[in-house]
Amino acid sequence: MVDLVVLGATGVTGRQVTLYLNAHPQGSRFTFAIAGRSRRKLDDLVSDLSLPKSIPVHVVDVTDFDQVEAVVKTSKIVLNTVGPFAKWGPPVVRACARNGVHYVDLTGEQLFVRDIIERYDYVATKTGSIIVPSCGLDSLPADLAVHLANNALKLLSEDTTSPLQIDTSTSSYDLHGVTSNGTISTIVLTLGSTPKHKLVESLRDHYLSPVSGRPSPRPRLKYAMTIPSTRDVLVGGYFVMTGSNRSIVQRSWGLLEWNFLNGKSAEANSQRYGPIIYDEFLCQKNTFRGILLTLTLLVGFTLMTLPPVRWIAGRLGVKETSKNLDKQLQDGSMRVINVTSSLPSSSFPKPVKVETVISAKGDPGYYLSPIMMAESALALLLNTEELPPLAKQGGVLTPAIALGDAVVKRLQEYANFDITCEVIEGDAESRKSI
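Residues numbered from 1 in each chain as written. Predicted model: local features only at pLDDT ≥ 70, side-chain atom pairs only at ≥ 80, totals over all residues. Heavy atoms only, no water.

On to the environment of Leu-295. Among the structural elements, Leu-295 can be located in helix α12 (residues 287–303). Taking the C-alpha atoms as reference points, Leu-295 and Leu-221, separated by 74 residues in sequence, lie 7.2 Å from one another. (Helix = DSSP H or I, 4+ residues; strand = E, 2+ residues; numbered from the N terminus.)

So this is what it looks like as structure tokens:
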């Protein structure tokens, strides 16, 4: 048995995960295998990346459950890169849940996550399987930013019986990289094969949460956010992954809220976010470009309802998996700035603001996302004592609830992520880093 198995290793994302694991500084502390549909492509990958002969290679067809379960049983954690996940993911999650094997992926598909919650969450809690979807750009940065802000507010609270709670939390994404074929394929599949009523339902608030909360802001033409530490104003337009990211953040909120409502313990109360309203946008150079982005997406999604347009869109994006692409993906960058405001309290009559920044070099979708997913898996494997309390119950969780500070520390120590969290009490002159 190995510790990790990379499913879909010959694809662009799977290749990057394999490359990262093979060169990891902690490589002596874990073993991993690779799996894919084509033996020829797997052999080419082994040769291309000069992988050790000791790494097991599995040929598996994800449409054959028996084959999937046989591979799953050979490992402790599955790193699934085979998308679109709504089409290929459920059998993998089913096999993991049945056999007590942990699971991570980098999906941005709310419909898929809702499906595996309904079908496999209960089973996973009984076998101890920790299922963590959305461990890439969708939706780990958003989820961890709110998690870190909440931790900062709780540390600041003088009254531990009534700690500071979150009122609003907004993230600005500044992304530079190549077009993600995985995202395009997911959109094409979703719009082409999902009944309209299910699409509409997937966009509702708290779609993945066990409880409902405050309504989210409606999409709008332009977005703006003031950075507390500098008073700079960031502007932008609608971010195509807002629905997915918000759903994951709201599930994190809902799982903590559900834990409190069913236990009423002081510890559970200290972990709750509060009545959070979460929003985000894609940063642009000026307001005009932000409005243009929003209008372009509106027109684009409208056109994507037409089959010929979906056919063309499905052939866009990155498909190459060569060494040249490996180097190309090291270019680019990601910078996520989150500003979270607290509700007023007796100790802090004015809202406290927390400014969290998560940044890294590399293509956000195809270079950084595989790294985030790999470190998420390694946190489950190597940092078990540091995982949040709810992780130990198993089930379909979120990056913040399953991994928390453990994956934050790993990204900082091993993946060159720059992650900072700063509390600003009332104004920019009164602040401290967490």
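Still more ground to cover, so stick around.
Turning our attention to the packing of helix α15 (residues 364–382) against helix α17 (residues 405–414). Packing of α15 against α17 leaves a shortest axis separation of 9 Å and a crossing angle of 120°. Compared by their axis directions, α15 and α17 come out oblique. Two packed elements cross with a definite hand, and for α15 against α17 that hand is right-handed. Of α17, the residues touching α15 (which contributes Met-372, Glu-375, Ser-376, Leu-378, Ala-379 and Leu-382) are Ala-406, Val-407, Arg-410, Leu-411 and Tyr-414. (Axes fitted to C-alpha atoms, helices over the stretch in contact; angles between N-to-C directions. Parallel < 35°, antiparallel > 145°, perpendicular 65-115°, else oblique. Left-handed = near helix turned anticlockwise from the far one by under 90°. Contact = heavy atoms within 4.5 Å.)

As summarised here, the arrangement of the 7 strands in space is β3-β2-β1-β4-β5-β6-β13, forming an open sheet in which the pairing is parallel. At either end of the open sheet lies a strand with only one pairing partner, and these are β3 (57–59) and β13 (395–396). Where strand β1 (residues 2–7) meets strand β4 (residues 75–80), 5 bridges bridge the pair, whose relative direction is parallel. Across the sheet, the residue bridging to Leu-7 is Asn-80, located in β4. Lying on the sheet, helix α1 (residues 12–22) is in contact with β1, β2 (32–36) and β4; it crosses β1 at an angle near 150°. The strands that helix α3 (residues 65–72) touches are β1, β2, β3 and β4; relative to β4, the one it contacts most, it runs at about 125°. (Pairing = 2+ DSSP bridges.)

Across all of its chains, the model carries 3 aromatic pairs by this definition. For the pair Tyr-173 and Phe-239, a centre-to-centre distance of 4.6 Å together with 35° between the ring planes defines the contact as tilted. Highlighted residues: Tyr-173 in strand β7 (residues 166–176) and Phe-239 in the loop between β9 (233–237) and α10 (242–263), separated in sequence by 66 residues. For the pair formed by Tyr-173 and Phe-239, the shared burial category is buried. Across the ring face of Phe-65, the terminal group of Arg-94 is positioned such that the distance to the ring centre comes to 4.0 Å. When the ring centre of Phe-260 is taken as reference, the NZ or CZ atom of Arg-272 above it lies at 4.0 Å. (Phe/Tyr/Trp six-rings, centres within 6.5 Å; stacked < 30°, edge-to-face > 60°. Buried < 20%, exposed > 50% of the residue type's maximum accessible area, 1.4 Å probe, protein only. Lys NZ or Arg CZ within 6 Å of the ring centre and 35° of its normal.)

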